[in-house]
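Take a look at the letters that make up each chain.
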Amino acid sequence: MIIGGSASQDLASHVAKELGEEICYVETKKFPDGERYLRIDGQIEDEVTVIQSTGYPQDENLMELMFIVSTLKDLGAKKVKVVVPYLGYARQEKRFKDGESVSAKIICNLIEAAGADEFITFNIHEECVLNFFDIPARNLSAMPAIAEYLNKKIFKKSNEKPLIIAPDKGAYGFAQEISEIIGCDCTYLTKVRLGPDKVETRIVDVRCDSESENTVNIDSVKGMHAIIIDDIIATGGTIVNAINILKQYGASAVDVCCVHPILTNNGATRIYAAGAGKIIGTNSLSSDTSRVSLAKSIADALRE
Ligand code: R5P
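Residues numbered from 1 in each chain as written. Predicted model: local features only at pLDDT ≥ 70, side-chain atom pairs only at ≥ 80, totals over all residues. Heavy atoms only, no water.

Asks: Which residues make up the overall build of the chain, and what values go with them?
Replies: When you go through the chain residue by residue, the secondary structure sums to eight helices and 14 strands. On C-alpha atoms alone, the chain measures out to a radius of gyration of 20 Å, which is about the 19 Å that the 2.2 N^0.38 rule sets for 304 residues. Taken along its principal axes, the extent of the C-alpha atoms in the chain is 60 × 50 × 40 Å. Taken over 304 residues, the chain has a buried fraction of 51%. Mean positive and mean negative side-chain charge positions of the chain (33 and 43 charges, respectively) differ by 5 Å. (Helix = DSSP H or I, 4+ residues; strand = E, 2+ residues; numbered from the N terminus. Rg over C-alpha atoms; globule rule 2.2 N^0.38 Å. Buried < 20%, exposed > 50% of the residue type's maximum accessible area, 1.4 Å probe, protein only. Lys, Arg positive; Asp, Glu negative; His and termini not counted. Charge placed at Lys NZ, Arg CZ, Asp CG, Glu CD.)

Structure, rendered in structure tokens:
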């Protein structure tokens, strides 16, 4: 039995279809004072999977998830698997300044306390966040789904091989994963974050970086179709910088891929204005750019 929270209804219905499982409906509304009402409309089975991302509005979506999981347990579900394709608050996995809340830890503790027996997410910003759980917790990769989309929709008709670019070293693993599947080269840029919405991007001289045996020099971007891949696009600052460099070095076209298209502060507009052809995100979050479905990856993980 699959339940989709308000933030992941479409994805949940596709996962149910993939698995041939029943979808169970949730009735939710707000009282005049703003408090939430929630009712699970169906006969609860022993094993239930709840799918709900906790992006914007984070607190609303999180509270709804707590209500669903806890109610399922109250109503007799023996095992509740919780799939949170995008886990909000995961970027504060430690105390950067004295006195800060370690939000990621609090969120994991809450999900577990609500009654989750298993947790699944996608490309979580810091994998160590999963250590805050005592229940089994898995971090799936959206890269195979993104690579399949690129192969089918972007490079289907041509033998053209793109160059995969990570906009910072943290994203280089994603670029490697995709380039291995597609069978093309990849490289990365380096990024210095100057503030929440300000980053500076530099070119790496790969010849001086002993860890980058598989990378190609930035000069090879000339005349190539470049695909930028990152886990998250928030304000778009990271991606705009990367596009500017790729254009400067002669890329013939630039498309942008990400797992979690947060796209806040006119992020998408700024990326298109910088010259991107397409922004290709997954449906971990619903947006105009959510072209890649995670339904099959989730269904496969639930079958294991
Ligand atoms: C951070 O390192 C992440 O991988 C992303 O690069 C970052 O969250 C993107 O943020 P923005 O779009 O605001 O530059």
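Asks: Lay out the site of the ligand in plain terms, naming residues and giving numbers.
Replies: In the region of the ligand, 14 residues are neighbours, and D230, D231, T235, G236 and T238 sit closest. A distance of 2.6 Å separates an oxygen atom of the ligand from a polar side-chain atom of T235. Protein contact buries 89% of the 370 Å² of open area that the ligand shows by itself. Among the detected pockets, the ligand sits in the largest pocket. Counting only elements with at least two residues in the shell around the ligand, the list comes to β9 (185-195), β11 (225-233) and α6 (237-248). For the shell around the ligand, the element with the most residues is β11, which contributes four residues. (Near = heavy atom within 4 Å. Polar contact = N/O pair within 3.5 Å; in protein donor to acceptor, adjacent residues only side chain to side chain. Areas by Shrake-Rupley, 256 points an atom, 1.4 Å probe, with all protein chains shown as cover. 1 Å grid on protein atoms, 1.4 Å probe; cavity = no way out; pocket = protein on both sides within 12 Å on 5 of 7 lines; lining within 4 Å. Sits in = over half its atoms within 2 Å of the grid points.)

Asks: Describe the sheet that holds strand β12 (residues 253-261), naming the residues involved and giving the relevant values.
Replies: The mixed open sheet is built from seven strands, whose spatial order is β10-β9-β8-β11-β12-β13-β14. The open sheet is flanked by β10 (198-203) and β14 (290-292), the only strands paired with a single partner. Along the sheet, successive strands turn relative to each other by an average axial angle of 35°, direction set aside. Bridge count between β12 and strand β13 (residues 279-282): two bridges; the pairing is parallel. Bridging from a neighbouring strand, C257 pairs with I280 of β13. Packing of α6 onto the sheet brings it into contact with β8 (163-166), β9, β10, β11 and β12, and relative to β10 it is tilted by some 30°. (Pairing = 2+ DSSP bridges. Axes fitted to C-alpha atoms, helices over the stretch in contact; angles between N-to-C directions. Contact = heavy atoms within 4.5 Å.)

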